[in-house]
Amino acid sequence: MSAPAQPEMTAQQWSMTVTPVVAALTTLCASTAMSGVIDGLRWLGYAGVAVIVVTATGLGLRAVRTPVVLVAFAQLFAVLCLLVALFTNTGILGLLPGPAAISELGDVLQRSVEVVRTGVPPVEPSAAVLCLVVIAIGLVAVLVDTLAVAAGTPAACGLVLLCVYAVPASLADEMLPWWSFVLGAGSFALLLAVDGAHRHQQWRNRPTMPGTGAGVGSPATHVSAALLLALIAGSTITAIGTVGQLPGNAGTGGAGGLGLKPFTQLRGMLDQGENRELFRVRGLGQDGRYMRAMTLSVYNRNGGWELRQPMPQGTPAGRELPLPPGSREPGQFTTIDIETINYEDLFAGVYGTPRRIRNLPQGMRYDAGSGMVYSESKRRLARYREDVDLGQPTADDLRVAGTDYGDIDQSYLDNGDIDPEVAGLAEQITAGRSTPYDKAVALDKFFDGNRFIYALQTATGADEDALHDFLFRSRAGFCEQYASAMAILARAAGLPSRVAIGYTGGYVIGDYRSITTKDAHAWVEIFFPGQGWIMFDPTPLNDGRAYTPPYATPSGTAGPTDDPTAETTTPSSPSSAGAATPRDDRADPDQGAAPGSAPQEGKPAWIGWTTGAIALVALLLSVLALLAAGGMLPGRFITGRRVLIPIAAICWLLSVVLAAALVSWWLSALIVALTLAAAPGFVRQWQRRSRRHAVHRNHALAASAAWQELMAETLDRGTELIRAETVRMTARRLAREHDLDEDGKRALRTVVGAVERSWYSARPDPDPALPSAFDDLVAGLHRTSPVALRARLFPRSVLGRLRRAR
């Protein structure tokens, strides 16, 4: 007699177990798109924990038949509890949200908003960023779980997952990594394939019409074909520069400066929690002058200072460079060696007036008018050398420079978009100054004192409203506000000006100057005929990295200019000639981490790599097990499914524990503890499925498997086994103690008969009625004597065996 077909998982079991797990895997794979905007992999542990919390909450509540709406709300509450546990110190029992925890979480979210507004991708995984990751991925996990499981429409999850990719793609300057697309598309195809296998199980044994193979119309086939077409189209058809194309296709259009927001980049560097080294500069010695990366020449009252668009064509940067228009004759050259460490940008930093730059990659260009060296796309520059004239004019040279501005672009004099009140302030500050140089010095000294303070945490921006607030009300800001305000005041006073963005001189370490992200800075350049563009820095610094050229504080003008807008003036202590006014463009290093911020120490690198490797193995084993469960693989795989599933489960557990360790060791320990607590219930469930599988195969040991499972069900319900009893005596006692109904008793008699024939008959034949009778008997037990929740979590049939083993 041939063995009956292997029992299939019911639709309800499938939707309550397989689909939620695959939906969680799909969400986690899609979240890898955030690697384009967040540095490192630490954030992935937080995303994984959020997905696990949402999925585990859904699985648990659906197991006890909780209404759909309540499941979704419970999942959202679980995410909130996770946020409280990870990012606050005032939660009730460390987990539940209370008024203090909500307030503390609100502070973290405020910092998150500021990071979104000012951060430059890829941002550091600070507490604010990680909080956003947990919120975003948690909400996505709830939506995907609800659509795929509760609503039964996993195809609709594609819209949600598309948003997960769209947001990082719109923020990152570079394309997202290719492997993120592969993981997202592959996991989504698996979700559709699982759903398709579930929906079409009832058609598997029906005859097919000629020419209609089973795999031609399957969801996996459709998704695979669509993915292939999308990859081909994204790599070949799109031709709008790098934006809109997949990685590996450079495109043909667009200048690199389009869409660049320099002040956003500057604020992002200054706000970073981690200070990263960018350059090592040799050849300057003790000269702490600034490195220029870009200049902003266009003032828009609605948006502040901007790059000129389109970018000028310039000349190739690898040859001898032309002199800027209206500059002085070059003097002695100095060779500066610039070693890039973690620098990747459109612009190459230069000093003074560059004459030749060696070792730059092909495609870099130099524009003498703006003083910028740039490319069409971001690059990681190799070590390069600059021959530069570092000579500087004297105050007398600048005072006699005159006002012939015919050599430069007249847009540098554009002052038609300036607020009249700002123009009036410029006129008052420069009143009585007869030369452009004296006016420039007066504007520079206006910010020295006069109640101006340095503050990184301030209203950002350099548009008309922010500029007016900075000059007339708050007088608090950092280099963005100081440089923007002085440049526009210079324009109002008739001086050609622009804002320069780059880096201060950093610190001397050995034979080089180390320049880091905290050296990001902005200052003002004013044009003097015959001398070129001359720097003035109005921002107060106080950490020793300020550079004040000798012409900026000539004798008799070192003191601050009185504030013409003040009703009464208070004299300030004059600065010493040639010395820099104290100023600071970086966060106070002594302030420490903000409350709720994530610890800064890194985790060992092996944890991330090991987690990824184990997760890939678990994913492969899970796919094989799911395909075997759906009957899509050869028979040996279907037989080996019993081995694949526990190994995959162990691999998933290890990857989850290691991913949690990336977040916190205590969270990893908590997951291990919860797993150990839930292990008896999982073991019992595994035994139940294995024995039922053996019963339905109806081989020689089918009756023994049925009796073992019946005894386990009896133990779980608190009924003791008596070894001296016969099979029939035990069956009568169980029927009486569990109050079996007639259907249950009838099924019990069939099972007992099959067991006795199997144990005592010389040549027992399989009983074809055993599988259905066994299912009816288990169903009867659940009807008349349901298992208590405690017995489900800690079944006596498993714990008793463990005690006997000890």
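Each chain has its residues counted from 1, running along the sequence as written. In keeping with the model being predicted, local features are shown solely for residues with a pLDDT of at least 70 and side-chain atom pairs are shown and tallied solely at 80 or more, while totals for entire chains, interfaces and linings include all residues. For the side-chain quantities, the full set of heavy atoms in the structure was used; hydrogens and water were omitted.

## Some words on the overall build of the protein
- Every helix listed is a DSSP run of H or I at least four residues long, and every strand listed is a run of E at least two residues long, numbered separately from the N terminus. If you tally the helices and strands in the protein, you get 24 helices and 18 strands.
- Between buried and exposed lies partly exposed: a residue is buried under 20% and exposed over 50% of the maximum accessible area for its type, with that area taken using a 1.4 Å probe on protein chains only. In the protein, buried positions account for 49% of the 806 residues.
- In the protein, the share of contacts with a sequence separation of at least 24, taken over all contacts with a separation of at least 6, comes to 74%.
- Surface summary for the protein: the accessible area is close to 38200 Å², and the carbon and sulfur share equals 60%. Here, residues are in contact when the closest pair of their heavy atoms is within 4.5 Å. Residue exposure ignores everything except the shown protein chains as possible cover, and the areas themselves are Shrake-Rupley values with a 1.4 Å probe.

## Quick notes on the packing of helix H20 (residues 727–737) against helix H21 (residues 742–760)
- Packing of H20 against H21 leaves a shortest axis separation of 10 Å and a crossing angle of 160°. Here H20 lies roughly antiparallel to H21, going by the angle between them. Relative to H21, H20 is oriented so that their crossing is right-handed. Where H20 abuts H21, its residues Val-727, Arg-728, Ala-731 and Ala-735 lie against Leu-748, Val-752, Val-755, Glu-756, Trp-759 and Tyr-760.
- Throughout, the ten residues Ala, Val, Leu, Ile, Met, Phe, Trp, Tyr, Cys and Pro are labelled nonpolar, Asp, Glu, Lys and Arg are labelled charged, and all others, Gly among them, are labelled polar. When the residues that make up the contact of H20 with H21 are grouped by side-chain class, the tally is 8 nonpolar, no polar and 2 charged. Axes, fitted as lines to C-alpha atoms, cover a helix only where it is in contact. Angles between the N-to-C directions of the axes lie from 0 to 180 degrees. Under this scheme an angle from 65 to 115 degrees is roughly perpendicular, one under 35 degrees roughly parallel, and one over 145 degrees roughly antiparallel; angles in between are oblique. In this scheme, a crossing is called left-handed if the near helix is turned counterclockwise away from the far one by less than a right angle; it is called right-handed if the turn is clockwise.

## Structural notes on the pattern of salt bridges
- The term salt bridge refers to a pairing of a side-chain nitrogen on Lys or Arg with a carboxyl oxygen on Asp or Glu at a separation within 4 Å. Taken as a whole and judged by the stated rule, the model has 31 salt bridges.
- Between Asp-337 and Arg-383 there is a salt bridge whose closest N-O contact spans 2.7 Å. Taken together, the residues span a long stretch of sequence, with Asp-337 in strand S6 (residues 333–340) and Arg-383 in the loop between strand S10 (372–379) and strand S11 (384–389) at a distance of 46 residues.
- By relative accessible area, Arg-383 is classed as partly exposed at 41%.
- The residue Glu-344 makes a salt bridge to Arg-380 at a minimum N-O spacing of 3.6 Å. One end of the pair, Glu-344, is in the loop between S6 and strand S7 (345–348); the other, Arg-380, is in the loop between S10 and S11, and 36 residues separate them in sequence.
- Each of Arg-684, Arg-688, Arg-691, Glu-709, Glu-713, Asp-716 and Arg-717 takes part in one network of salt bridges that share partners.

## Focus: the pairing of strand S18 (residues 532–536)
- Within S18, 5 of the 5 residues are buried, leaving the element largely enclosed by the surrounding structure.
- Note: strand S17 (residues 520–528) against S18, 5 bridges, orientation antiparallel. Paired with Phe-528 across the two strands is Gly-532, which belongs to S18.
- Should DSSP find at least two bridges between two strands, the strands are regarded as paired. Here S17 folds back onto S18 in antiparallel fashion, the turn holding 3 residues, of which Gly-530 has a positive phi close to 80°.

## With respect to the sheet that holds S17
- Read across the open sheet, the 4 strands follow the order S2-S14-S17-S18; overall the sheet is antiparallel. The strands lining the two open edges of the sheet, one partner per strand, are strand S2 (291–296) and S18. Sheet twist, expressed as the mean angle between neighbouring strand axes with direction ignored, is 40°.
- Lying on the sheet, helix H12 (residues 436–446) is in contact with S17 and S18; it crosses S17 at an angle near 160°.
- Lying over the sheet, helix H14 (residues 479–492) contacts strand S14 (497–503), S17 and S18, oriented at roughly 15° with respect to S17.

## A look at the packing of helix H19 (residues 702–716) against H21
- Between H19 and H21, whose axes approach to 9 Å, the crossing angle comes to 130°. It follows that H19 is oblique to H21 by the angle criterion. Like other packed secondary-structure pairs, H19 and H21 cross with a definite hand, here left-handed. On the side of H19, the interface is formed by Ala-703, Ser-704, Ala-706, Trp-707 and Leu-710, while H21 contributes Leu-748, Val-751, Val-752, Ala-754, Val-755, Ser-758 and Trp-759.
- Across the contact of H19 with H21, the residue classes break down as 10 nonpolar, 2 polar and no charged.

## Considering the confidence of the model for the protein
- What pLDDT reports is the predictor's confidence in each residue, on a scale of 0 through 100. Mean pLDDT over the protein works out to 76, with 75% of the residues at or above the 70 mark.
- Put simply, helix H8 (residues 219–236) is where the protein has its lowest mean pLDDT, 49, and S18 is where it has its highest, 94.
- Counted against residues more than four places away or in other chains, residues 200–220, with its pLDDT under 50, gives 14 contacts.
- In the predicted structure, residues 567–602 sits below a pLDDT of 50 and forms 71 contacts with residues beyond four places in sequence or in another chain.

## Brief notes about the environment of Gly-369
- With respect to the helices and strands, the residue Gly-369 is situated in the loop between strand S9 (365–367) and S10.
- Look at Gly-369 and you get partly exposed, because its relative accessible area is 26%.
- Along the chain, Gly-369 and Pro-325 lie 44 residues apart, while their C-alpha atoms are 6.5 Å from each other.
- Leaving out residues up to four positions away in the same chain, Gly-369 has contacts with Pro-325, Tyr-412, Arg-498 and Trp-533.

## Side note on H20
- Within the span of H20, buried status applies to Val-727, Thr-730, Ala-731, Arg-733, Leu-734 and Ala-735.
- Residues of H20 that are buried sit in contact with H19 and H21.
- With its phi angle positive at about 55°, Asp-739 sits one or two positions after the end of H20.

## Description of the nonpolar core
- Nonpolar cores are built from buried Ala, Val, Leu, Ile, Met, Phe, Trp, Tyr and Cys residues. Side-chain atoms within 4.5 Å join them into one set. By size, the foremost hydrophobic cluster in this structure holds 88 residues, and its most contacted members are Phe-279, Phe-347, Phe-447 and Leu-471.
- Here the element with the most residues in this core is H14; it accounts for 9 residues.
- When neighbours within four sequence positions are excluded, Phe-447 is seen to be in contact with Phe-452, Phe-470, Leu-471, Tyr-482, Ala-485, Met-486, Leu-489 and Pro-538.
- Among the nonpolar cores identified, the runner-up in size contains 32 residues, and Val-37, Tyr-46, Leu-105 and Leu-130 belong to it.

## Considerations on a nonpolar patch on the surface
- Exposure above 30% relative accessible area and the lack of any salt bridge qualify a residue for a patch; like charges then connect within 9 Å, and the nonpolar side chains Val, Leu, Ile, Met, Phe, Trp and Tyr within 5 Å. On the surface, Phe-77, Ile-92, Leu-93, Leu-95 and Leu-96 cluster together into a nonpolar patch covering about 500 Å² of accessible area.
- Here Leu-95 is to be found in the loop between helix H3 (68–87) and helix H4 (99–118).
- Residue classification places Leu-95 among the partly exposed residues on the basis of a relative accessible area of 40%.

## A short note on the packing of aromatic side chains
- Pairing of aromatic rings covers Phe, Tyr and Trp, the last through its six-membered ring, and needs centres within 6.5 Å; plane angles under 30 degrees mean stacked, over 60 mean edge-to-face, and all others mean tilted. Tallied over the entire structure, the rule returns 22 aromatic pairs.
- Both rings, one in Tyr-343 and one in Tyr-503, keep their centres 6.4 Å apart while their planes meet at 80°; by these two values the pair is edge-to-face. With Tyr-343 in the loop between S6 and S7 and Tyr-503 in strand S14, the pair connects residues that are 160 residues apart, well separated along the chain.
- With relative accessibility at 3%, the residue Tyr-503 sits in the buried group.
- Cluster of aromatic residues (ring-pair linked, three or more members): Phe-446, Phe-447, Phe-452, Phe-470 and Tyr-482.
- Placement of a charge over a ring requires the Lys NZ or Arg CZ to be within 6 Å of the ring centre, with the centre-to-atom vector within 35 degrees of the ring normal. Here Arg-498 stacks its cationic end above the ring of Trp-533, 4.0 Å away from the centre of that ring.

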